Each structure stands twice: as C-alpha cells, then as structure tokens.
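Examining the three-dimensional arrangement
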Amino acid sequence: MPEPFDPRYDMTEAIAPAGSGGGPMDLPASGPQTLKDGPTPKGGARRGPWRLPLPWRGEPGRRSGGPAAPTGRGLWTDAWHDLRRNPIFVVSALIILFLVVIAIWPQLIASGNPYHGDLAKAQDGPAPGHPFGYDLQGRDVYTRTVYGARASITVGICATLGAALLGSVLGGLAGYFGGWWDALLSRIADVFFGIPILLGGLVFLSVVTSGSVWPVVGFIVLLGWPQISRIARGSVVSVKEHDYVQAARVLGASSGRTLLRHIAPNAVAPVIVVATIALGTYISLEATLSFLGVGLKPPTVSWGIDISSAATQIRNAPHMLLWPAGALSITVLAFIMLGDAVRDALDPKLR
C-alpha cells in the first residue's frame, strides 16, 4: 500500500479485488450504495472503482451527474402554473381575447356599416345576412353589436389603467411614508367614497357636451382610484415590515429604490386582482351612464346607447335589446371570472 502522504494516492477512491468478500474499504451491505459502475453483484463482490459521497461532488448518496434537486418557484410562477390549469381562467381569457380582437378589428366578422340605416326595414327580425335583425332606424343590429365592443372595451381598459396607476402611486406613497401624508390621503379618499357613483356621473357628465369616451374615462378614474389606493396602501404597509426591506434600508438603499425594487414587486398582486375585477364593473358603469343619456352619445356606437334606444320597443322588437344586452353581460361576466381566477391564484390563503 502506498505511503499515506504519497501524492499519487487518492483517499476518495479505492479498488476492491475481484471476487473478494469485502474489505475495510467496502461499503457496508446495509448502507446506501454509491458504486460508480452499478449495483453490487450477487454474492457481495464489487467490481470496478466506487466513489465516496463527498459533499463537493454533489449531494450525499446521489450518483455523480444525476438530476439536480428541484428548485423553489416564486409567486408569479406558481400563479401561472395554477391559472393554466383553471378552466374558468382559460374560458374567460379566450372570451376576453376574442372581444379585444373584434374591438380592434371589427371588420373581421362584420363587413357592414353600423351607421347605415334603411327605414323600410325598421324593427324587422332576423333576415339572411342580418342574423340579429334591424333597429328603429333600420340599422343592422349585428354590425352595431360588434362595433359596440370597441367603445366599451376602450372605456374599461383605459379607466382601469388610469385608476390603478393613480391609486397605486398615491396609496403606495401613503403606506410607505405614513405620517401626515397618509392622514391627508385617507381623508381625501373618504370624501370620494362618500359620493354616489351614479349621482356623481349624472352631475359630472351632464355638463360635458362631448360624447366621446374620454370624459367617461376621466370620471371613472376620478371616482375609482380611492378603492385601489386603499388596497395598495394596506399591501405596502404589510410588505415594508419584511426583513429584506429592512435590510435594504440598512444597506443604504434610497426610498425610491426600496419602493421600486423591493416593495412594489411584492405588493402589486392585490392591486392586480382588484383592478381585474373592477374592469368589468367599469364597463357596466359606462353602459349604465350611456343608458341614462349622460355617458357616450351618438354617433358613438355603444351597447348602452343601443340598449337605451331599444328599451321602449322591448315588446314589439325584443331582438333589439337582447343582443347588445347579451354581449354586455358576457363581457362583464368574463372579466369578473378572470378576476376571481387571478385572485385564487395569487392569494396564498386560498391555495
């Protein structure tokens, strides 16, 4: 046997003689086997070199070159993993994707003109090429239902983005800095919470002469940011007490860097959930305001406008009300279902 300090000698490897019954360098028969050339042959003889499970060569008891241990997944990876297997999310996402596509390119499925009318066909029922019939002015209900998705989707998405951005910034700053800024923002939010949204819309939009989508979007953002602001404030207050945020402060990170790099990514999940559910609510609010005559106005094509004009003719021509109201209901339901699925995936308490 070579000298113990001979550099040619490797204490990590040894060769057992072929056919031997075991020796001091053999692994015990009852212990885990980590033979380099396969399992122990029958009879106890070991052939070929075997390697001890050293820590720097891999995990103890695992063969060199084996599969790596599974690594942990983050919140967003787990959420996406759950959402892909949730049929509610898949169905609602497909419906919303279809609505967004026809809102951008309505001519893909409707080749007619939503403004063209033929009074001779007013209130007529379904006909070849016009499956939804005609309205009071002889316009194709199918074409107007398809084109009406553009205004409703635009109002919903723009109002949600504006309210989420404004509410997240104000609520995040209030939750992070606290003090007088938090108290002032809370009192302002309480004032807006005390305004009935329909009454506020009647008062605010009745003085606006424009019938475009932007006054409606501005009104919804004005009354919608306090809800998201409170959610963002509570989330930031909870996250800023974590150890990694305190460590960033101790290491000298500025307030802006701490908010953007450490707090915002971990506090944004509740805001996304609330905003997704609120999007469907904002679409129904736009339709309600248009139905009352203070929201979108002609010549803008909107489901709320068509429902308002068809309400007086529900007995004579129910198809005028059925199709735009059905499209509105499906759209709102799809966004609410999507929000529920996202909430279930992002909330650890519901796992």
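Residues numbered from 1 in each chain as written. Predicted model: local features only at pLDDT ≥ 70, side-chain atom pairs only at ≥ 80, totals over all residues. Heavy atoms only, no water.

Turning to the pattern of salt bridges, a few remarks are in order. Counting across every chain of the model gives seven salt bridges. Here Asp-306 ties to Arg-144 by a salt bridge, and the two come within 3.0 Å at their closest N and O atoms. With Asp-306 in helix α10 (residues 303-310) and Arg-144 in helix α3 (residues 141-177), the pair connects residues that are 162 residues apart, well separated along the chain. Looking at Arg-144, the relative accessible area reads 4%, which means it is buried. When the shortest N-O distance is used, the salt bridge between Asp-182 and Arg-233 registers 2.7 Å. Of this pair, Asp-182 sits in helix α4 (residues 179-193) while Arg-233 sits in helix α6 (residues 213-239); the two residues are 51 residues apart in sequence, bridging distant segments of the chain. Among the charged side chains, a network of salt bridges with common partners joins Arg-187, Asp-190 and Arg-230. (Salt bridge = Lys/Arg side-chain N within 4 Å of Asp/Glu carboxyl O. Helix = DSSP H or I, 4+ residues; strand = E, 2+ residues; numbered from the N terminus. Buried < 20%, exposed > 50% of the residue type's maximum accessible area, 1.4 Å probe, protein only.)

Taken as a whole, this structure holds one cavity of 30 Å³ or more when the rule is applied. As for the largest cavity, its lining consists of Asp-135, Arg-139, Asp-140, Val-141, Arg-144, Asp-306, Ser-309, Met-320 and Pro-324. At the level of secondary structure, the elements contributing two or more residues to the lining of the largest cavity comprise α3, α10 and α11 (319-346). Counted by class, the lining of the largest cavity contains three nonpolar, one polar and five charged residues. (1 Å grid on protein atoms, 1.4 Å probe; cavity = no way out; pocket = protein on both sides within 12 Å on 5 of 7 lines; lining within 4 Å. Points joined across faces, edges and corners; volume = space filled by probe spheres on them. Nonpolar A, V, L, I, M, F, W, Y, C, P; charged D, E, K, R; others polar.)

Turning our attention to the side chain of Thr-258. Structurally, Thr-258 is set in helix α8 (residues 255-267). On the accessibility criterion, Thr-258 (0% relative accessible area) is buried. Within the local environment of Thr-258, its side chain forms a polar contact with the backbone oxygen of Ser-254, the two atoms lying 2.8 Å apart. Look past the residues within four positions of Thr-258 in its chain and what remains in contact with it is Tyr-176, Val-245, Ala-253 and Ile-263. (Polar contact = N/O pair within 3.5 Å; in protein donor to acceptor, adjacent residues only side chain to side chain. Contact = heavy atoms within 4.5 Å.)

Mapped onto the secondary structure, Gln-313 falls in the loop between α10 and α11. Among the residues examined, Gln-313 registers a relative accessible area of 17% and is labelled buried. Distance from Gln-313 to Leu-136, taken between C-alpha atoms, is 8.6 Å for residues 177 residues apart in sequence. With residues up to four places along the chain from it excluded, the contact list for Gln-313 reads Gln-123, Leu-136 and Pro-318.

Interhelical geometry of α6 versus α8 gives an angle of 125 degrees and a closest axis separation of 9 Å. As summarised for this structure, α6 and α8 are arranged oblique, according to the angle between their axes. For the crossing formed where α6 meets α8, the hand is right-handed. Across from Ser-235, Val-236 and Val-239 in α6, the residues of α8 making contact are His-262, Ile-263, Asn-266 and Ala-267. (Axes fitted to C-alpha atoms, helices over the stretch in contact; angles between N-to-C directions. Parallel < 35°, antiparallel > 145°, perpendicular 65-115°, else oblique. Left-handed = near helix turned anticlockwise from the far one by under 90°.)

Time to look at helix α9 (residues 269-291). For α9, spanning 23 residues, the distance from its first C-alpha to its last is 34 Å, which sits close to the expected 33 Å at 1.5 Å a residue. The axis of α9 is deflected most strongly, by about 25 degrees, at Leu-279. Trailing α9 by a residue or two, Gly-293 shows a phi angle of about 90 degrees, which is positive. (Expected span 1.5 Å × (residues − 1). Bend = angle between axes of the 7 residues up to and from the residue.)

If you look at the biggest cluster of nonpolar residues, it comprises 30 residues, and the most contacted ones within it are Ile-153, Ile-283, Leu-328, Phe-335 and Leu-346. Contributing elements (two or more residues each) for this core: α1 (75-83), α2 (87-104), α3, α9, α10 and α11. No other element matches the 12 residues that α11 contributes to this core. Leu-205, Phe-219, Leu-285 and Leu-289 belong to the second-largest nonpolar core, a separate cluster that totals 25 residues. (Core = buried A, V, L, I, M, F, W, Y, C linked by side-chain atoms within 4.5 Å.)

Moving on: the layout of surface pockets. Reported here for the second largest pocket is a volume of approximately 300 Å³. Secondary-structure elements contributing two or more residues to the lining of the second largest pocket are α3, α6 and α8. Residues of the lining of the second largest pocket, tallied by class, amount to 12 nonpolar, three polar and no charged.

Let's shift gears to the confidence of the model for the chain. With 77% of its residues at a pLDDT of at least 70, the chain reaches an overall mean of 80. Across the chain, the element-wise mean pLDDT spans from 44 in strand β1 (residues 13-14) up to 94 in α2. Segment residues 7-38 is flagged for pLDDT under 50; beyond a separation of four residues in sequence, or across chains, it makes 51 contacts in the model. In the model, residues 40-71 has pLDDT below 50 throughout and makes 50 contacts with residues more than four positions away in sequence or in other chains. (pLDDT = per-residue confidence, 0-100.)

A separate point is the packing of aromatic side chains. With the rule as written, the count across this model stands at seven aromatic pairs. Ring centres of Phe-204 and Phe-219 lie 5.7 Å apart, and the angle between their planes is 25 degrees; this geometry places the pair in the stacked category. Linking Phe-204 in helix α5 (residues 197-206) with Phe-219 in helix α6, this pair joins segments that are 15 residues apart in sequence. Residue classification places Phe-204 among the partly exposed positions, given a relative accessible area of 34%. The exposure class of Phe-219 is buried, given its relative accessible area of 2%. Put simply, the rings of Phe-132, Tyr-142 and Trp-323 touch in pairs and so form one group of aromatic residues. (Phe/Tyr/Trp six-rings, centres within 6.5 Å; stacked < 30°, edge-to-face > 60°.)

Let us now look at unusual backbone geometry. Residues Pro-298 and Pro-299 are joined by a peptide bond in cis, for which omega reads 10 degrees. By the secondary structure assignment, Pro-299 is in the loop between α9 and α10. Backbone geometry at Gln-123 places phi at a positive 65 degrees, although glycine is not the residue there. Its location among the elements puts Gln-123 in the loop between α2 and α3.

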